[in-house]
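Chain residues, written in single-letter form:
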Amino acid sequence: MPRAVVCLMWWVWYFAYTIVRIHSCTSDVAGGPDASLHDVTRVSGPPERPCGERLCCCRSQKADCSGHRGKLNYVPKLPDDITDVDLSGNSFTSDVLTSDFFANLTHVTSLDLSRNNITWLPRSVFRFTGKLSELFLNENKALQLETLREVVSIRTVRHVSAKGCNLPPPSADLFINSTSSVYSIRLDSNPHGGTYNLEGLCPLESLHRLYIAQCDFKQISSSCPLPLISSLDLSGNTLREFPKMCFGQGRSMFPSLTYLDLRYNRIEELSTADVCLPSLITLDMSFNFVRMYPTGTFSSLKFPILEKLRLQHQTRYWDIFKVNTRIQDYAFDNSNLQELDLRHNELEFADRGSVGTHAFANCHNLRELYLSSNNFSDVDDQRFLSLFGHLNSLNTLLLSNSKFELLTTKTFANFHNLLILSLDSNIITSIPDGAFDHLDRLEMLMLSNNKIKTIDKHTFSENIQRGLRALTLGLNPFQCSCELLWFQRWFRTHQKLFTERLVDDNSYRCQNIPGVALANFSMTDQACLLSPEVSLFIIQACSVVIVTLALVSFVFRYRWHIRLLMYEVFRGRDDLRAQRLLSNSFDYDVFVSYASQDLPWVRQQLMPNLEIELGLRLCVHERDFILGRNIVDNIVHSVDSSKKILMVFSADFVHSQWCQFELNLCLSHVMDHDDALIVVCVDDVMSRQMTSAMMAVLKTTTYIQWQEQEDAVASFWGRLHLALSEILPQREHYV
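Residues numbered from 1 in each chain as written. Predicted model: local features only at pLDDT ≥ 70, side-chain atom pairs only at ≥ 80, totals over all residues. Heavy atoms only, no water.

### Quick notes on the state of the cysteines
Link 1 in the chain: Summed over the entire model, instances satisfying the criterion amount to five disulfides.
Link 2 in the chain: Put simply, Cys-56 and Cys-65 are joined by a disulfide, and their sulfur atoms are 1.9 Å apart. Between Cys-56 and Cys-65 the disulfide shows an S-S torsion of about 110°. By sign, it is right-handed. Of the two residues, Cys-56 and Cys-65, both sit in the buried class.
Link 3 in the chain: Paired by a disulfide, Cys-246 and Cys-276 hold their sulfur atoms 1.7 Å apart. Between Cys-246 and Cys-276, the S-S torsion sits near 105°, and that sign places the bridge as right-handed. Highlighted residues: Cys-246 in the loop between strand E12 (231-233) and strand E13 (259-261) and Cys-276 in the loop between E13 and strand E14 (282-284), separated in sequence by 30 residues.
Link 4 in the chain: We classify Cys-246 as partly exposed; its relative accessible area is 23%. (Disulfide = S-S within 2.5 Å. Buried < 20%, exposed > 50% of the residue type's maximum accessible area, 1.4 Å probe, protein only. Helix = DSSP H or I, 4+ residues; strand = E, 2+ residues; numbered from the N terminus.)

### Quick look at the side chain of Glu-268
Link 1 in the chain: Here Glu-268 is to be found in the loop between E13 and E14.
Link 2 in the chain: Side chain to side chain, Glu-268 and Arg-291 meet in a polar contact 3.0 Å long.
Link 3 in the chain: In this structure Glu-268 touches Arg-240, Phe-289, Val-290 and Arg-291, once residues within four positions along its chain are discounted. (Polar contact = N/O pair within 3.5 Å; in protein donor to acceptor, adjacent residues only side chain to side chain. Contact = heavy atoms within 4.5 Å.)

### Focus on a nonpolar patch on the surface
Link 1 in the chain: A surface patch of nonpolar side chains, about 280 Å² in accessible area, is lined by Ile-631, Trp-658 and Phe-661.
Link 2 in the chain: Within the secondary structure layout, Ile-631 lies in helix H13 (residues 631-640). (Patch = residues over 30% accessible without salt bridge, like charges linked within 9 Å, V, L, I, M, F, W, Y side chains within 5 Å. Areas by Shrake-Rupley, 256 points an atom, 1.4 Å probe, with all protein chains shown as cover. Salt bridge = Lys/Arg side-chain N within 4 Å of Asp/Glu carboxyl O.)

### Looking at the packing of aromatic side chains
Where two aromatic rings form a pair, the distance of their centres and the angle of their planes describe that pair.
Link 1 in the chain: Under the definition given, this model contains 43 aromatic pairs.
Link 2 in the chain: Judged by centre distance (5.2 Å) and plane angle (35°), the rings of Trp-486 and Trp-490 are tilted. Placement of the pair is Trp-486 and Trp-490 together in helix H7 (residues 485-493), with a separation of four residues, close to one helical turn. We note that Trp-486, like Trp-490, is buried.
Link 3 in the chain: Positioned over the ring face of Tyr-370 is Arg-343, at 4.9 Å from the centre of the ring. (Phe/Tyr/Trp six-rings, centres within 6.5 Å; stacked < 30°, edge-to-face > 60°. Lys NZ or Arg CZ within 6 Å of the ring centre and 35° of its normal.)

### Quick look at the sheet that holds strand E28 (residues 704-705)
Link 1 in the chain: Here we have five strands laid out as an open sheet, ordered E25-E24-E26-E27-E28, and parallel in their pairing. Strand pairing shows two members of the sheet lacking a second neighbour, strand E25 (618-619) and E28, which therefore form its edges.
Link 2 in the chain: Set on the sheet, helix H15 (residues 657-672) makes contact with strand E24 (588-593) and strand E26 (642-649); between it and E26 the angle comes to about 140°. (Pairing = 2+ DSSP bridges. Axes fitted to C-alpha atoms, helices over the stretch in contact; angles between N-to-C directions.)

### Topic: the pairing of E24
Link 1 in the chain: Across the six residues of E24, six count as buried, placing the element largely inside the fold.
Link 2 in the chain: Sheet topology places E24 next to E25; two bridges connect them, and they run parallel. Bridging across to E25, Val-590 finds its partner in Leu-618.
Link 3 in the chain: In this region the chain leaves E24, passes through helix H11 (residues 599-613) and returns to the parallel neighbour E25; the handedness of that crossover is right-handed. (Right-handed = clockwise from strand over helix to strand, strands pointing away.)

### A few points about the pairing of strand E27 (residues 678-681)
Link 1 in the chain: Residues Ile-678 and Val-680 point to one face of E27 and Val-679 and Cys-681 to the other, with burial holding for every one of them.
Link 2 in the chain: Pairing between E26 and E27: four bridges, direction parallel. Along E27, the bridge assignment pairs Leu-646 with Ile-678.
Link 3 in the chain: As paired elements, E27 and E28 share two bridges and run parallel to each other. Bridge assignment links Cys-681 to a residue of E28, and that residue is Gln-705.

### Description of the pattern of salt bridges
Link 1 in the chain: Taken as a whole, this structure holds 16 salt bridges when the rule is applied.
Link 2 in the chain: Taking the shortest distance from any N to any O, the salt bridge between Asp-188 and Arg-186 comes out at 2.7 Å.
Link 3 in the chain: Here Glu-611 ties to Arg-623 by a salt bridge, and the two come within 2.8 Å at their closest N and O atoms. Taken as a pair, Glu-611 in helix H11 and Arg-623 in helix H12 (residues 621-624) lie far apart in primary sequence, 12 residues in all.

### A look at helix H3 (residues 145-152)
Link 1 in the chain: Of all eight residues that make up H3, six are buried, and the element is covered over most of its length.
Link 2 in the chain: Buried within H3 we find Leu-145, Thr-147, Leu-148, Glu-150, Val-151 and Val-152.
Link 3 in the chain: Considering only its buried residues, H3 is in contact with strand E6 (134-136), strand E7 (159-161) and strand E8 (184-186).

And the structure:
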């Protein structure tokens, strides 16, 4: 390919790249002509602009000249107000970085050379950067350790970062005779393993902050103190115990250390016998595997001025070994402690074997206590107050997602200085009146995602209502009724108080009215005139009346069923009936009760068979009732004057009032005289047509069904004769 074509293609590519770079500065980031209003407002501060011969993007005092990946071999001229320059990802090599490479960066204070191919940087390269204070050399994978000696010797440099450069720990003689003003060094993500020796850093007399996170070492050591280091980051390594930081005779390796980060290690056994950290204020040991905090672990004898202790997420041990972390009595025996973070530990606070009753003893100045995502189920007031009741200085208490259920007027009565109380995502079902009245200074209360159904005007005192600045009660199953009207009005008129409304008003819903928001449900004043107690009494009284009426109706409807069943259960034997039959005070053998429409059957079938063939005397009202006497008297007299009672059931019998009267009278009669009815059905009667008395009789008494067939007729009369056998005349037999 001709050289001219190659040059032309290169210039075309360079022009296209420049256009893209300019567009990225003006459109994508700053919100160009096609950007939405949301995109524009999302970017704070002034918009980005092309700069540095259009090879960089500038915003405020920062220039981004990164990502050219070998296409940029010099530093373009930048505006004089630029103090922060990013040259990362440009594939710079040490050969390119000559002594005049940074000649255009005379005003720069922060320089990022990360993700290049730098191996060696002499101090002379920075002769034009007279104001440089921050230098980033991260992820230059082949960077030589001697480069650190060169850059820390730059008079103005205060902060050096060499993360992910595969650097070993500084050798013992690396910084000897070096004059350094470096305040902090980051050596994170330089895997080493074994013991990390800090002896090489001892000559750096101005070093205050040291970061050696994620270097995979199991312990640290040094034969000399690092007297000015105040912040030490050892997170993300493989420490299995609290690092030993003592020399002989109790001298400290870090006498000025105020902040120690031990997160994301593998610490299981916690022995703080050799800590020697007299100035430590903040200790973060979150995300470890601590099994137990023994008595005196964080006492003031070992940590004389410790104020902040963070012990989150020791559940990593639970996830593997299925054993809860335990806290012994007086583990936090430190009156200087002001912040204690024990979130996400699955601590069983109801179990005295897991958390000692005096675990938090002598922490009188504790102001912030974070206990969310632990287990407070079955913790009553006595247990709660024995653990925390003496912490009168608390101003922040977090108990979210802790299975917290019991809430009484005594639970938080001792915490007069509390400003923030979080009880989100628990199983609280109700708030007793006055439960928070003792919290005179309370400003933020979080109770969302519980099981609270109602809030009334007595739940929060007027003093609490005035003092609250934020209140969260969303995602509770509110029962929208008269009892909730007061809370609804408060909710509507104090929108800023309920901070969740700014994010999602749907979190306040009526559980008992699907699809209705708390702010929108309505009830008439008339519906709420009665108090809940009166309404409850009325409902109970009406329920009793309804149940009583239903019971009376049931008993009345099935009165004969009940009476006949009771009669069958308690009736005597044949003695009373036999004595009655032996008396001669009867005018009739059988009283026949029938409907007038069934008289033909009585005359043609019943009377001939019983009177002519059997010689019985029947009482038939058309024939035997005494003229001029009241019908009722005739019925009563005839029933009392008959030995047996025979009922002729039919469809007409159902509709006859006199027949029903006779049936009720006869039922009472047979029960009084310990007798039984004889029932004959002359046609098929549907059950839905029968009265309750007829149904009761047919369900409790064996009856005889009349049928016209010849063989059925013979069976009918045989069964009827058998039912009347007690009163049949004794026939004489002649020889």
